[in-house]
Amino acid sequence: MSKIVNKSLLFCGIVLVMSGCIKNNLDEGSDRYSENIGYNFSNLGYGGLSKLSSVSKQEVPPSMVSIEGGLFVMGQTEQDIMGGTVNKAKNVHVQGFYMDDSEVSNKEYLIYLDWLAKIFPKSNPKYKHIYTAALPDSTVWRDPMGYDGNLSKTYLRHRGYENYPVVGVSWLQANDYCKWRTDRVAEIKLVKQKILKPLYSTNNVTVEGKNHFDIEVFEANPKLLFGGNKAIYTNYVTQPDTLLNDSISFKTIEENNNKLHIFKQSPHLDFRLPTEIEWEYAAKADIENRFYNTIRGRKKYAWRGESTIDRQSKYFVQHANFKQSKGNYNGISGWNSDYGDITTPIRSFPPNAYGLYDMSGNVAEWVSDVYRPIVDTNLNDLNYNRGKSYRKPKLDENGDVIIATYKDITYDTLPNGKITPSVLPGQILKENINDNDVYLSMNYTKADTKDYADGELTSTIDYNEADSEERARMYNSPIIYKPRVNNKTGEIEIQYDDQRRTTLISNSTRVYKGGSWKDRAYWLDPSQRRYMEEYLSTDYIGFRCVVSKVNENNNKNKRVPFLF
């Protein structure tokens, strides 16, 4: 009997070894093994496709917290002080994302400014407007009937204010910062992976002008960075140009003949402004009102409760920095109630249930959306966002993207007289998509969708008018004329719209959310909405960034009855 058992065990062992050998030959564990076809395409005999990155999970970006997506009720919780009914409660769904735990501070924004000054020095006439275009407007602190406390000189650059939220930044400037942050995070990641050399300390590499790292250029064609200078890469070796391959080979100490595949490094972390729905969802943090699969009630503020006073604190201070009554910004001397008469340092107050600071109070914040009175979830109730413009890279005759040089810089004069570059040297030149790109598209029909179904011609009663002069604009906002230069005097001339207008809503008005140090408690409700032209700035609006999550994993085993 024992012999039979031993023979059976031996036979099973042989079968297991053989099956293991077969599996190893098939390389079923490879990321390029095709279950549909039955072999590994990374083997040289089957095509030699580049292996994918071993990193399958998205890392939490620096200074950000994870926000799990889900359903929530968007819209007002209080009566509209103007008697309006356009911000009604509505069900919407938000996908997961990462968000800065606090607003961008003066310290962080100054790093951005100093980088611009180093890469695009003002002393070079080619770049004279790039640095100044990014500067916050320090005059926002001025008041014709008040003294600014010298804040116009000290708030941005004095070390005493370095951890205060940056203000005086327009929506356009905030977007430029997001793009810069995207490039710098991607750059340091590639340096840590030993793909890029430290660019600022590498011989034969000068980081100035168009020679700086841009992640969009890297993903389009790494050979175009720094004008094709191979010294920026670690032991970089290009493949012959005759090979039609989208990879770049380079040798490392750990592994020879390793291939840098473009898609292996993609997608990069794309920092951007939050959408209005993302911001409101994160601010309300209804997760702390959840009981099993229901939400118990609606929150009025970013914290739990109906009062602005933190009754758990020792001195009954406020939950946030805001204007408590007329003339009362901070309480009486010796008994401060909210730590500051203007802005306060970031993270001064306890965070909400998601770990986010100052979602109510301190400064209001820009979001990406173009303002319309109604958030129409009948058009879209998943990740609703209004204000997108679809653009594509410009290509040369060889099909490569065109990289901007200083000759490609055109400066736009904004309606308020500010001068801003249309593109920075070293970035990809882009253009709006055209009719051919959207031909028979099921999703959209034009590049600019800011007024989609709410302001475009087809949404007005005059959609059938042939003469454009007879078509009435749905939003009869003032026409903003760009300043022009008088050829005789060289001075900038401003032209005002002298016609009677009925609204300030246009395609350049952007939403900002949250109350500020200058607002009463009514505006601390995250559902309240206000708007301002995208090129303007104030002393009470700042911003923070978000990053979309890649394939958020909703683990079926991680459900809990309630948060607390």
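Everything below is about the structure shown above.
Residues numbered from 1 in each chain as written. Predicted model: local features only at pLDDT ≥ 70, side-chain atom pairs only at ≥ 80, totals over all residues. Heavy atoms only, no water.

**Q** Explanation requested: the overall build of the protein chain in the structure shown.
**A** Within the protein chain, the secondary structure is distributed over 7 helices and 21 strands. Counting only residues that meet the buried cut, the protein chain has 43% of its 564 residues in that class. For the protein chain, contacts bridging at least 24 residues in sequence account for 66% of all contacts bridging at least 6. (Helix = DSSP H or I, 4+ residues; strand = E, 2+ residues; numbered from the N terminus. Buried < 20%, exposed > 50% of the residue type's maximum accessible area, 1.4 Å probe, protein only. Contact = heavy atoms within 4.5 Å.)

**Q** Help me understand the environment of Ser 105 in this model?
**A** By the secondary structure assignment, Ser 105 is in the loop between β4 (97-100) and α2 (106-119). A relative accessible area of 5% places Ser 105 in the buried class. Each residue touching Ser 105, except ones within four places of it in the same chain, is listed here: Glu 162, Asn 163, Tyr 164, Pro 165, Val 166 and Ile 346.

**Q** For this particular structure, what's the right way to read the side chain of Lys 450?
**A** Inspection of the secondary structure puts Lys 450 in the loop between β15 (430-432) and β16 (484-485). There is a polar contact of 2.8 Å between the side chain of Lys 450 and the side chain of Ser 389. Once you skip the residues sitting within four places of it in the chain, Lys 450 turns out to touch Val 370, Arg 372, Arg 386, Gly 387, Lys 388, Ser 389, Asn 507 and Arg 510. (Polar contact = N/O pair within 3.5 Å; in protein donor to acceptor, adjacent residues only side chain to side chain.)

**Q** It is not clear to me how the sheet that holds strand β21 (residues 546-548) should be interpreted in this structure. Could you clarify?
**A** Backbone-to-backbone hydrogen bonds pair the strands of a sheet. The strands run either parallel or antiparallel. Strand order in the open sheet formed by 3 strands is β1-β4-β21, and the pairing between neighbours is antiparallel. Looking at strand neighbours, the two that pair on one side only are β1 (64-67) and β21, the edges of this open sheet. Within the sheet, the average angular offset between the axes of one strand and its neighbour, ignoring direction, is 25°. Alignment of β4 against β21, held across 3 bridges, turns out to be antiparallel. Paired with Tyr 98 across the two strands is Val 547, which belongs to β21. (Pairing = 2+ DSSP bridges. Axes fitted to C-alpha atoms, helices over the stretch in contact; angles between N-to-C directions.)

**Q** Help me understand a nonpolar patch on the surface in this model?
**A** Among the surface-exposed residues, Val 485, Ile 492, Ile 494 and Tyr 496 lie close enough to one another that they form a single nonpolar patch of about 450 Å² accessible area. Turning to its location among the elements, Ile 494 is positioned in the loop between β17 (492-493) and β18 (509-513). (Patch = residues over 30% accessible without salt bridge, like charges linked within 9 Å, V, L, I, M, F, W, Y side chains within 5 Å. Areas by Shrake-Rupley, 256 points an atom, 1.4 Å probe, with all protein chains shown as cover. Salt bridge = Lys/Arg side-chain N within 4 Å of Asp/Glu carboxyl O.)

**Q** What is the right way to read the packing of α2 against helix α5 (residues 171-192) from this model?
**A** How two helices sit against one another is set out by the angle between their axes and by the gap between those axes. Remark: α2 packs on α5, axes separated minimally by 11 Å, with the N-to-C direction vectors making an angle of 80°. The angle between the axes of α2 and α5 places the two elements in the roughly perpendicular class. Contact with α2, carried on its side by Glu 108, Tyr 109, Ile 111, Tyr 112 and Trp 115, involves Gln 173, Asp 176, Tyr 177, Trp 180 and Arg 184 of α5 and no other residues of that element. Residue classes in the contact of α2 with α5 are distributed as 6 nonpolar, 1 polar and 3 charged. (Parallel < 35°, antiparallel > 145°, perpendicular 65-115°, else oblique. Nonpolar A, V, L, I, M, F, W, Y, C, P; charged D, E, K, R; others polar.)

**Q** Would you mind showing me how to read the state of the cysteines here?
**A** Covalently bonding the sulfur atom of one cysteine to the sulfur atom of another cysteine gives a disulfide. What the rule picks out here adds up to 0 disulfides. Cys 545 provides the cysteine sulfur closest to Cys 178, a residue in no disulfide bond, and the two sulfurs are 3.6 Å apart. (Disulfide = S-S within 2.5 Å.)

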